[in-house]
Amino acid sequence: MSTSLAAGKTLKVPLFIILAIVAALALGVLLNPLPKPVELAVLDRPATAADTLPEGVSAQQGSGYSVRLAAHDDGIRYFVSGNQDRQNLCVTVVPDNHPNQWSSGCASGANSDREIVRTGVNGIVSAVLVPDGYNTAELEQGGFKKVHDNVYAVRTERVPGSR
C-alpha cells in the first residue's frame, strides 16, 4: 500500500507544478495583452478625387497603399496612407504655398498606444500621425493642435527632434 501511495504523491506534485505554470502564463497574458493593431478610420472611408496626392509628391509607399486626405488646414494638406493590414502607415504634409517642400514620414503601425510617425517641413509645420483613440494631451501641451482625429500639427521653425 505504501508503494501506491508514494506513486500517487509523485503524480500530484508534477500536476500541481504544471497547473501553476499554466495559471501564471494565463495571468501574464491577461495582465499584458498583445498590442492591438492600429486603427485609422480615415483609411476606411471610400476614396474621392481629393485623396490623390499632388503631382510630384510621393508618400514613400509601394502598391497596395490607400491614400486619404485627412485635412486641409491653414494652407496645408495632410494625407494619411497605409497598406491593407495597417502594418505600414504614413503621413504626408503638402504646404499649398510651397508644394515642392512636402514631407512624408512612414512607420510601422504595430502598436496602437503610441504615436505612429512624426514628420515636418522646416520653417512651416511639424505633423504627428496617431491612431484612433490616442491620448493626445501631451501633444496638445506641446503646442500641437488637432487638424484631424489622426493628425496633430504645429507651426515650427524646425522639426522637433531634428538638429
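Everything below is about the structure printed above this text.
Everything numeric here is computed off the predicted structure, so don't read it as measured data.

Caption draft 1: Focus on the overall build of the chain. A count of helices and strands for the chain gives two helices and eight strands. For the chain, buried positions account for 37% of its 163 residues. Across the chain, contacts joining residues at least 24 apart in sequence account for 46% of those joining residues at least 6 apart. Surface summary for the chain: the accessible area is close to 10100 Å², and the carbon and sulfur share equals 56%.

Caption draft 2: Region of the structure containing the nonpolar core. Counting 22 residues, the largest nonpolar core has L40, Y78, V80, L129 and V151 as its most contacted members. If we ignore the near neighbours within four places in the chain, the residues touching Y78 are R68, L69, A70, A71, D73, T92, V93, V125, A127, V147, V151 and A153.

Caption draft 3: Quick peek at the environment of D73. Following the sequence through the fold, D73 ends up in strand 1 (residues 66-73). Looking at D73, the relative accessible area reads 25%, which means it is partly exposed. Separated by 75 residues in sequence, D73 and H148 place their C-alpha atoms 9.3 Å apart. Not counting the four nearest positions on each side in its chain, D73 is found in contact with Y78, K145 and V147. Side-chain polar atoms of D73 contact the side chain of K145, separated by 2.9 Å.

Caption draft 4: Examining the environment of N135 more closely. Among the structural elements, N135 can be located in the loop between strand 6 (125-129) and helix 2 (137-141). Taking the relative accessible area as the measure of exposure, N135 reaches 59% and is therefore exposed. Sequence separation between N135 and E115 is 20 residues, and the spatial gap between their C-alpha atoms is 9.6 Å. Side-chain polar atoms of N135 contact the backbone nitrogen of A137, separated by 3.0 Å.

Cut-offs used in this document
- Residues numbered from 1 in each chain as written.
- Predicted model: local features only at pLDDT ≥ 70, side-chain atom pairs only at ≥ 80, totals over all residues.
- Heavy atoms only, no water.
- Helix = DSSP H or I, 4+ residues; strand = E, 2+ residues; numbered from the N terminus.
- Buried < 20%, exposed > 50% of the residue type's maximum accessible area, 1.4 Å probe, protein only.
- Contact = heavy atoms within 4.5 Å.
- Areas by Shrake-Rupley, 256 points an atom, 1.4 Å probe, with all protein chains shown as cover.
- Core = buried A, V, L, I, M, F, W, Y, C linked by side-chain atoms within 4.5 Å.
- Polar contact = N/O pair within 3.5 Å; in protein donor to acceptor, adjacent residues only side chain to side chain.

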